Every structure is written in structure tokens, then in C-alpha cells.
Amino acid sequence: MNFSVITTQFWSLVLQGLALGLIYSLVALGYTMVYGVLRLINFANSEVFMLGTFAVLWVEIEVLGHPVTAKPLAGFELVYTLVIALVGSMIACAVLAVLVELVAYRRLRARGAAPLSSLISAIGVSIFLMETMRMFTESRPQTAPRLLDKWSFGEIAGANFRIDTVLAIISPIVIFVILDQFVNRSRLGKAIRAVSLSEENAKLMGININRVISLTFLIGGLTTGAAAFLYTTVYENTVFNVGFNMGIAAFTAAVLGGIGNIRGAFYGGLALGMMEQFASAVLGSQWKAVTVFVILVLILLFKPNGLFGEAVQKTRT
Amino acid sequence: MNKKIVSGLAIAAATTLALGVVVSSPANAAAKKSVTLAFQGPLTGPDAQLGQDQFPGAEWAIALYNAKNPAVKINLIKADSQCDGTVAANIAPGVAANKAVIGVIGTSCSGEARNSFPAYKAAGLTMVAPSASAVSLTDPKAPDRGFPIFHRVVAHDGFQAPALVRYATKGVTSPKIYLVDDQTTYGAGLIKYAIAPAKKIGVAGTDSVPRGTADWTSVASKVKASGANVVIYGGYTAEAAKFFKALRDGGYTGILAAGDGVNTSDFPDLAGKAADGVRLTAADVPFDSLLTAAELASFQKITGVKVPGLYSATAYNAAQVFITCIEQGKLTRPAIQICVKNTTFTGAGGSKIKFNRYGDIIGGADVGGYLVKNGKIVYDAIA
């Protein structure tokens, strides 16, 4: 037990918890969007994330030619490099997510397979992607070049507002606001919500179910790709099984917030990030996972649908 | 990868068995012309560099022996257990089932060794490890000890941990030490033996962080809050790189130090700028310092490695132990075991190697201190 950390490092932990939690939230969206329309967990989402991190490395190192030992960039070059890496990662993840849907879900659905079959085929795709990357990289961790120098805006109450931390907090919030507006206001967003409420009725209203499902996977892929970019920019490394821990964390975040619910994913990720930071700071890192899951079980005991489960019926994706 | 090795070994074992049955009498009549040793350690995976640095030492020793055109040639096969106990538990039975294998040069990591023991003990297969240094492996009271098959040509962490504490705090005024381990057999063991000497100096705090953790910022915050000016990490390269980066990015300016698990040639690349000035130890001196110019040229030619990596000297010594026994005509697993237990061997640089009852070298060894300078790990002084 180390409570002195709280008094001296409270705001620092909050800030880091926000950054970590919001990256979780973005990946959690990949789970929650798909769950909203299909009532299935897309287990391949963790590997979509993994591929996204490698896409960022590929864009930065191979396409834009910044070796691992490159000096940090500045000015316009920095901005367009980061934007290209972000867009590259989002496109790669979105394409992969849609492909996963085509391979692991659509065909099984068209043939009227039991829902659990898709669950297994998604796990199969996930293992395939992970093992392929293991072979390509010989299971070695890969380092990203430090293109974004980690300068700081300054310290407030012990919290260090470092550029990468700030980036990892602001960009997910922007993405969430856009997504929330899209789902609640646009025609396609309405279609997604209609399918999630009742597939049968949506079909009767003339909504193209397959198109909506593909679109959902696409959006989940886009947000997961953004998460992969932020992860690689903040932590500067990846490995073939990076998706495993991230997948578990993001899935936990989605369940914590109320799976199938966009705002639930947002707050679930935040809550998880905070809990991890404070549990490992106060109790020791060895207690982090234990604490997080004890709290998760307690919350589910009292709110079986997650923190925002009540709202699920109204704002279901 | 591992499955491939296991199934490959299984097929090899099955073939040997089948052939043995079919052509038993001529096979027995013919003189045995070659034996096989297995090198077991991480050859792929996050900590592959550890094994990749060591393998050339064993490879070179055996190439030199085979070049002398002996009556019995030695084949060297690789068993990749990725510095991971779970992987080791899966591949060790395959190695043990390969009847041609009469000895194991390995393992590199302590967790690998521990989880290989059940298979090798049952098969009576002798191990000589170049770098598995957890104390429990040779502790007669430990439930996971490797007696009687396990031996190592490296000083255990009971020697290395105090030396690491000494080296990490060298020249630091009023040191306050923060100790972090990675929950592995090696990492937790190293820190366990570092805590007692560290307490005499001043401990600011401890933590234990599982491998695979991405976000180290909370640990970095804690280190900062504790006011520590020396951080000692017990673990392996991949995690150390993430941890040290998070510490430096978080504004920590004190000393960073770690044991031989981090002393691999890929560490400076993975940790980038955070690697600068990191203090590392190893119960090993650089192999090239023990070789003549001609020997070094031969090493480079045979292995294709320019600068011998860490623990290539001990891997060479481990191979030398088996070579000496094979030269004495000990070609079966039981004969090798008796020979390894009772013989005094000559290692690199003319050092004498003799094992005690539980597999440790008698007399221990010096622990070297290394520094990261300009992206390279350089030997500094005796720690």
C-alpha cells in the first residue's frame, strides 16, 4: 500500500489514466458497434488493432522513409507525417475489419449458421492474423521511430501535459463526438440504430442489412485504427501479440460501460484506464488486473448491463 | 514454430525407433559415428537476442571439434523455447524423445530451465546452461531444483544481484533504490537477492509488473514520487526498453540499471535514447577478450558474427563440457551425466570448470559491469 503516491501524483495519474483509458475506449468501440448490430463479440478486433500498429510502423518507416533511429520531426513535416500514418492505420484497419466481416460473418450468416459459429470463425481469423504476424516478425518486438518529440506544455499540479498524452486525450474525444453525432443524426446512423433495435423490422423498412453491418465493421475498424496510431505514437513499440492484452482491456471496457452502447464504451474505457493507473500506483502493479476485475464483477453484480446499460435501449448503436 | 519443432522431433524420434526395430542388428554392429547436442534457448520471440547472442559460442566450439575429424562427430540442433517457460514445457518432451540427443546446451532463461526439468529428468538428459542464473535451479531445498541433470557455467543470481546493486549505486551520492521485477523465475529471483544488499543502502520502493504491460506510466509516477535516484530492473530486454523509456519521458533523471537479462545487443535499439548510460551486469566477460586474433577470425568466419555477443563465452564453455566427455568416449546419456558430474573441464581462456553436487560451478565467477554508450553496450569494469 502506498497512499503517498495519491497525494503527490494524483493529477499525473489522472492525466495518464485519461490517455490510456481513451485509447481503450476507441478499441472498445470496435467491439461495441459490432455487438450492437450483430449481438456478437468480434474477437478479431484485437488483431485488427495489432495490424493497425504495424501499419503505422510500415507507413512511417517504409513509405515515408523515417528509420527507427530518425530524429524527431518538426513543423509541417511532422503534421503531415502523423496525419498520413493516422489515415494509413485507419484505412488498413477499416479494410481488414470489413474483410473479417466478409470472411468470418457474412457467409455464415447467409447460410443461417448458429451465431456461435461466427464467434468461432472470428477467433479463427484472429489466430490466423496473429500467427501470420508472428512469422513475419519472428515474434520480435518492433520499435517505432520517435517522430513526435515528447515536449511538454508544462506541469500543472504535478501532472505533466506532454504532447503525446494530450494528443491521446483530445483525438479520441473528437472522434467520439463525431461518431455520436453521426449515429444519432445521419440517415446511415439511423439505419444502424434501426438494425440494432430489430433486424427484422429494419429489413421491412427497406434497410439493406448487409450494407449496414459492413458499415458498422468499417466504423469499428476506423476507430480501432485511430487507437493503433495513438498507441504506437505514445508507446513507440508493438509486437505480434499486442492485440491480446489490448483486446481484453477494450472488451472489459465495453462490458463495463454497457456493451452495445457508444457512450458506454467511452466511459467504460475511461473508468478502466483510471482504475488501472490507481490500482497499480497504490497497491502495486501485481494487483492491477486483480483489482480491475474485482471491481468489474462488483459493478456487474449490481448493474448487470454495465454502467450505462439502462441507456442501451435508447441509444443502442 | 514450436509445434513444427515438436512435430519434427516427434517424427525424427518415430523414424529412429522404427529404423531401430527394422534394422536392429546391423545398426548395433556398425560403429556409432555421430551424436547430437541440442541448443535450447530463445531463438525467436521478444527475447530472441539472448539466445542469438549465445548460440554462436556453442556453434563455434562444435565446429572446431568437428574440424579435427574425430571418430565421433557432433551434430548441433536448435530447440527454440523463446525464453518462455510454457513454450519450454511444450518442446522439452520432443527433445527428450529424440534418442540421438545426448546433452542439452541450455537453457538461456531460468523459467525455460525449470519447465524443462520434468522431461529431461525423466529422460536422464544432462543440461549445461550458459546463462540460466536463478538461484532456485541449483538450490537443494527448492522444489523446482534441477538436480541431478542441471548444471550451469554461470555464477547464479546470489552472486550477480549484490554485484548489480553495487554497480548501480557506484558513485551515486546518497542512493535511494527502486526495485522492479517482471514476475518471472529469473526477474523475481534476481530482485529477491538484490533486496537485502539494497536495504543496507536505502530502498525507496518496489514493484512487480507482469510481462506484456504496455503502459508503464503509473510505475514511472511511483518512482518519481518515491524520490528514488537509482532504478534496478529484474527482467528481460523488451520490457526494460518500455520501462526505461517511460521513466525518461516522465522526467526521471537518475541511474537506470538491470541484470544480464537486459544485456543483449538489441537493447540500445529498442530503448532508443533512454538506453544511454544504462548500467548492466552479467556474470560474463566479453568473449573476444579471451580469444587470440586468429581465434577471433575463425569465430567470425564460422559463425558469421563479427562481435561475439553476451554469454557466447559461457555457451562455448557449456559446449566444451560435452565435447570433453564425448572425446572421452562417453556417448550415452547416463555416461555423459557421470562424466559431467566428475570431470574438471577447461573453458575459454583456460579457466577451470568443475561442478558441485547440485550443478553450480565451484568457486563462482566475477560479475562484469557494462555501460550503454552511444547506442552500444561496452564493458566497463568488474562490478
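All figures in this text were calculated on a predicted structure; none of them were measured in a lab. (Residues numbered from 1 in each chain as written. Chains lettered and ligands numbered in written order. Predicted model: local features only at pLDDT ≥ 70, side-chain atom pairs only at ≥ 80, totals over all residues.)

1. What to know about the overall build of chain B
Helix and strand counts for chain B stand at 13 helices and 14 strands. Its C-alpha atoms give chain B a radius of gyration of 21 Å, near enough to 21 Å, the size a compact globule of 383 residues would have. For chain B, the spread of C-alpha atoms along the principal axes amounts to about 75 × 40 × 35 Å. For chain B, the residues scored as buried account for 57% of the 383 residues in total. (Helix = DSSP H or I, 4+ residues; strand = E, 2+ residues; numbered from the N terminus. Rg over C-alpha atoms; globule rule 2.2 N^0.38 Å. Buried ≥ 20, exposed ≤ 12 C-beta atoms within 10 Å, placed from the backbone.)

2. A closer look at the overall build of chain A
When you go through chain A residue by residue, the secondary structure sums to 12 helices and four strands. A globule of 317 residues ought to have a C-alpha radius of gyration of about 20 Å, and chain A, at 20 Å, matches this closely. Along the first, second and third principal axes, the C-alpha atoms of chain A reach 55 × 50 × 35 Å. Residues counted as buried form 51% of the 317 residues belonging to chain A. Within chain A, residue pairs in contact and separated by at least 24 positions form 78% of the contacts whose partners lie at least 6 positions apart. (Contact = placed C-beta atoms within 7 Å.)

3. Description of the confidence of the model for chain B
For chain B, the average pLDDT comes to 89, and 91% of its residues sit at 70 or higher. Overall, residues 12-30 of chain B carries pLDDT values under 50, and its contacts beyond four positions in sequence, including any with other chains, amount to seven contacts. (pLDDT = per-residue confidence, 0-100.)

4. Brief notes about the interface of chain B and chain A
On the side of chain A, 29 residues touch chain B, which itself brings 29 residues to the contact. Here the side of chain B that touches chain A takes seven residues from helix α8 (residues 217-226) of chain B, the largest share from any one element. In terms of residue class, the side of chain B that touches chain A is made up of eight nonpolar, 13 polar and eight charged. (Nonpolar A, V, L, I, M, F, W, Y, C, P; charged D, E, K, R; others polar.)

5. Notes on the confidence of the model for chain A
Residues and elements named next belong to chain A. Within chain A, residue pLDDT values average 90, and 97% of them lie at 70 or more. Averaged pLDDT values for the elements of chain A fall to 46 in helix α12 (residues 312-315) and rise to 96 in helix α2 (residues 45-63). Confidence over residues 310-317 falls short of pLDDT 50; this stretch has 26 contacts with residues more than four positions distant or in other chains.

6. Points about the sheet that holds strand β9 (residues 255-258) of chain B
Residues and elements named next belong to chain B. The seven strands are arranged β7-β6-β8-β9-β10-β13-β14 in an open sheet whose pairing can be described as mixed. Either end of the sheet is taken by a strand with one partner, and the two such strands are β7 (203-208) and β14 (376-382). Taking the axes of each pair of neighbouring strands and ignoring which way they run, one obtains an average angle of 25° across the sheet. Sheet analysis places strand β13 (residues 368-373) next to β14, joined by six bridges and oriented antiparallel. Within the sheet, the bridge partner assigned to Leu-371 lies in β14 and is Val-378. (Pairing = 2+ DSSP bridges. Axes fitted to C-alpha atoms, helices over the stretch in contact; angles between N-to-C directions.)

7. Side note on the nonpolar core
Ile-105, Val-231, Ile-232 and Ala-257 of chain B are the most contacted members of the largest nonpolar core, which has 119 residues in total. Domain assignment of the residues forming this core places at least three in each of domain 1 (2-155 + 288-350) and domain 2 (158-282 + 367-382) of chain B. Look past the residues within four positions of Ile-232 of chain B in its chain and what remains in contact with it is Leu-164, Val-165, Ala-168, Ile-177, Leu-179, Ala-194, Ala-257 and Ala-258 of chain B. Counting 95 residues, the second-largest nonpolar core is a separate cluster that includes Ala-97, Ala-228, Val-255 and Ala-271 of chain A. (Core = buried A, V, L, I, M, F, W, Y, C linked by C-beta atoms within 7 Å. Domains from an automatic or database assignment.)

8. Some thoughts on the domain arrangement of chain B
Residue and element names in this part refer to chain B. Each assigned domain of chain B is listed with its residue range as follows: domain 1 (2-155 + 288-350) and domain 2 (158-282 + 367-382). Relative to domain 2, the C-alpha centre of domain 1 lies at a distance of 30 Å. Counting from both sides, the interface comprises 20 residues of domain 1 and, opposite them, 18 residues of domain 2. Going through the elements one at a time, α3 (48-67) and α5 (110-123) are the ones with two or more residues in the side of domain 1 that touches domain 2.

9. What to know about the sheet that holds strand β2 (residues 73-80) of chain B
All names here are of chain B. What the five strands build is an open sheet, ordered β2-β1-β3-β4-β5; its pairing is parallel. Two strands in the sheet have a free side with no partner beyond their single neighbour: β2 and β5 (150-152). Within the sheet, the average angular offset between the axes of one strand and its neighbour, ignoring direction, is 25°. Pairing between strand β1 (residues 34-41) and strand β3 (residues 101-106): five bridges, direction parallel. Directly across from Ala-38, in β3, lies its bridge partner Val-104.

10. Focus: the packing of helix α1 (residues 4-38) of chain A against helix α8 (residues 209-235) of chain A
All names here are of chain A. One can describe the packing of α1 onto α8 by two numbers: an axis separation of 9 Å at closest approach and a directional angle of 165°. Compared by their axis directions, α1 and α8 come out roughly antiparallel. Crossing of α1 over α8 shows left-handed handedness. Tallied by class, residues from the contact of α1 with α8 come to 18 nonpolar, six polar and no charged. (Parallel < 35°, antiparallel > 145°, perpendicular 65-115°, else oblique. Left-handed = near helix turned anticlockwise from the far one by under 90°.)

11. A few points about the environment of Gly-52 of chain A
Residue and element names in this part refer to chain A. Along the polypeptide, Gly-52 turns up in helix α2. On the neighbour-count criterion, Gly-52 (33 C-beta atoms within 10 Å) is buried. When sequence neighbours within four positions are dropped, the list of residues in contact with Gly-52 reads Ser-89, Ala-92, Cys-93, Thr-224, Gly-225, Ala-228 and Phe-229.

12. Things to note about the pairing of β3 of chain B
All names here are of chain B. Among the six residues in β3, six count as buried, and that is most of the element. Two strands pair when backbone bridges link them, and β3 and strand β4 (residues 126-129) are joined in this way by three bridges, in the parallel orientation. Note on β4: the bridge partner recorded for Val-104 is Met-127. Taking the sense of rotation as the criterion, the β-α-β connection linking β3, α5 and β4 turns out right-handed. (Right-handed = clockwise from strand over helix to strand, strands pointing away.)

13. Looking at the packing of α1 of chain A against α2 of chain A
Residue and element names in this part refer to chain A. Across the interface, α1 lies against α2 with an axial gap of 10 Å and an inter-helix angle of 140°. As far as their axial angle goes, α2 and α1 are oblique. Considering only the axes of α1 and α2, their crossing is right-handed. Across the interface between the two elements, Val-27, Gly-30 and Tyr-31 from α1 touch Asn-45, Val-48 and Phe-49 from α2. Among the residues forming the contact of α1 with α2, the class breakdown is four nonpolar, two polar and no charged.

14. Things to note about helix α5 (residues 163-185) of chain A
Because an α-helix packs 3.6 residues into every turn, residues spaced three or four apart end up facing the same way. All names here are of chain A. Taking 1.5 Å as the rise per residue, α5 with 23 residues should run 33 Å; its terminal C-alpha atoms sit 33 Å apart, in good agreement. Three or more residues of α5 are buried, namely Asp-164, Thr-165, Ala-168, Pro-172, Ile-175, Phe-176, Leu-179 and Val-183. In this fold, the buried residues of α5 make contact with α1, β3 (159-162), α6 (187-197), α8 and α10 (262-282). (Expected span 1.5 Å × (residues − 1).)

15. Section: unusual backbone geometry
All names here are of chain B. Following Gly-106, the chain continues into Thr-107 via a peptide bond in cis, with omega recorded as 5°. Mapped onto the fold, Thr-107 is located in the loop between β3 and α5. One non-glycine residue, Asn-69, lies in positive phi territory at about 55°. Inspection of the secondary structure assignment puts Asn-69 in the loop between α3 and β2. Here the phi dihedral of Tyr-311 falls at roughly 65°; this positive angle occurs in a residue that is not glycine. Following the sequence through the fold, Tyr-311 ends up in the loop between α11 (293-303) and α12 (312-327).

16. Here's the deal with α2 of chain A
In this model α2 of chain A runs 25 Å from its N-terminal to its C-terminal C-alpha over 19 residues, within 8% of the 27 Å that 1.5 Å per residue would give. Across the 19 residues that make up α2 of chain A, a large majority, 15, are buried.

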